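Analysis of the macromolecular model
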Amino acid sequence: MWQLLLPTALLLLVSAGTQAADLPKAVVLLDPQWDRVLQDDTVTLKCQGDYALGDSSTKWWHNGSFISNQASSFTIEAKVEDSGEYKCQTGLSALSDPVHLEVHVDWLLLQAPQRVVKEGEPIWLRCHSWKNRPVHKVQYFQNGRGQMFYHWNSYFNISKATLEHSGSYFCRGLIGNKNESSKAVDITVKGLENPLFFPPWHQIALCLLLGLLFAVDTGLYFSVQRDLRSSKKDCRGAKVTWSQGSQDK
Ligand SMILES: *[C@@H]1O[C@H](CO)[C@@H](O)[C@H](O)[C@H]1NC(C)=O
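Residues numbered from 1 in each chain as written. Predicted model: local features only at pLDDT ≥ 70, side-chain atom pairs only at ≥ 80, totals over all residues. Heavy atoms only, no water.

1. Re the sheet that holds strand E6 (residues 73-77)
For clarity, the threshold we go by: At least two DSSP bridges between two strands are needed for those strands to be called paired. A run of H or I in DSSP becomes a helix once it reaches four residues, and a run of E becomes a strand once it reaches two; helices and strands are each numbered from the N terminus. Axes here refer to lines fitted to C-alpha atoms; in helices the fit is confined to the stretch in contact. Angles between the N-to-C directions go from 0 to 180 degrees.
Taken in spatial order, the three strands of this open sheet run E1-E3-E6, and their pairing is antiparallel. A single partner strand is all that each edge strand has here, and the edge strands are strand E1 (27-31) and E6. Going from strand to strand, the sheet's axes swing by 20 degrees on average, the running direction of each strand aside. When strand E3 (residues 42-48) meets E6, the two strands line up antiparallel, connected through five bridges. Residue pairing for E6: leucine 45 is matched across the bridge by phenylalanine 74.

Shown next, in the form of structure tokens:
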């Protein structure tokens, strides 16, 4: 029986390990989605995760310190000191990955849903003004070259990004009669030269280990069965010998 103990113990260890790692991570969501905002913008932070029965509390961290807010979402009028890293956790979730929020003090801010996009995906940019003041004669620039001009503020769309769309972007426009420019934002378009998907190494290791344990267990099962069968035969053999022996007497 001791032969079975080692694989069983290993199997228990592995399943305990995967259970802890299997709790899905909570996710911090920003609504609206922008991770760079202007001062006084309204931002709702939401924590997405599973809750234990009867425990609907949510834990939040801002720049590593615990915030007492227990709700699954809360809304701020962004201030510079709200900048930084947010993490959350619910009863049945693992600690989320951090989400970074940048709060800027400026007249115009260039916003992008993603600053790194894959080739072929869309890029879109927003020239956001402080307190959403009207902006006109808006122009978007890439690496210092004017790209698009709008009489009234509008999003700048590229439906399919190519590598040439990588670069530093900013926007400029008139707020009242003040000529204002945003700071520059780097947008990176990544090529598709690496389309193969490699699963993380610890998952491969786990699969190999499980396969090995299965093989060991199957092997043990058959060897134990064989032992049992042969020991049954031995018993019968012994009986026969014994009865033959007794008849001989
Ligand atoms: C804003 O200023 C720049 C020079 O800094 C000028 O080239 C541009 O035409 C001005 N924009 C508007 C809409 O007047």
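We are not done yet, so read on.
2. Some points on empty space enclosed by the protein
Unoccupied space between atoms shows up once a probe the size of one water molecule is rolled over them. Heads up, the condition is: A cavity here means a set of 1 Å grid points, computed over protein atoms only, where a 1.4 Å probe fits but cannot escape. A pocket is an open set with protein on both sides within 12 Å along at least 5 of 7 lines, and lining residues have an atom within 4 Å of a point. Grid points are joined across faces, edges and corners, and a volume is the space filled by probe spheres set on the points. Think of it as three bins: nonpolar holds Ala, Val, Leu, Ile, Met, Phe, Trp, Tyr, Cys and Pro, charged holds Asp, Glu, Lys and Arg, and polar takes everything else, Gly as well.
Applying the stated criterion to the full structure yields one cavity of 30 Å³ or more. In this structure, the largest cavity spans a volume of roughly 30 Å³. As for the largest cavity, its lining consists of Arg36, His104, Asp106, Leu108, Leu109, Leu110, Ser182 and Lys183. No other element matches strand E9 (residues 108-111), which puts three residues into the lining of the largest cavity. Across the lining of the largest cavity, the residue classes tally to three nonpolar, two polar and three charged.

3. Observations concerning the sheet that holds strand E7 (residues 84-90)
Strand order in the open sheet made by the five strands is E2-E8-E7-E4-E5, with mixed pairing throughout. Edge positions in the open sheet fall to strand E2 (36-38) and strand E5 (65-67), since each of these has one partner strand only. Ignoring which end each strand starts from, the neighbouring axes of this sheet average 35 degrees apart. Pairing geometry for E2 and strand E8 (residues 99-104), over three bridges, is parallel. When the sheet's bridge partners are listed, valine 37 is paired in E8 with valine 103.

4. Structural notes on the confidence of the model for the chain
How we decide: The quantity called pLDDT is the predictor's confidence in a given residue, expressed from 0 to 100. Contacts were defined at the residue level, with two residues in contact if any of their heavy atoms lie within 4.5 Å.
The share of residues in the chain with pLDDT of 70 or more is 80%, and the mean pLDDT across the chain is 84. Overall, residues 10-20 carries pLDDT values under 50, and its contacts beyond four positions in sequence, including any with other chains, amount to seven contacts.

5. What to know about the site of the ligand
Rules: The near set for a molecule or strand comprises every residue that places at least one heavy atom within 4 Å of it. Note on areas: Shrake-Rupley, 1.4 Å probe, and residue coverage restricted to the protein chains presented here.
Residues in contact with the ligand, as listed here, are Lys137, Arg172, Leu174 and Asn179. Here the ligand, which alone exposes 360 Å², has 44% of that area covered by the protein. A breakdown of the residues in the shell around the ligand according to their chemical character gives one nonpolar, one polar and two charged.

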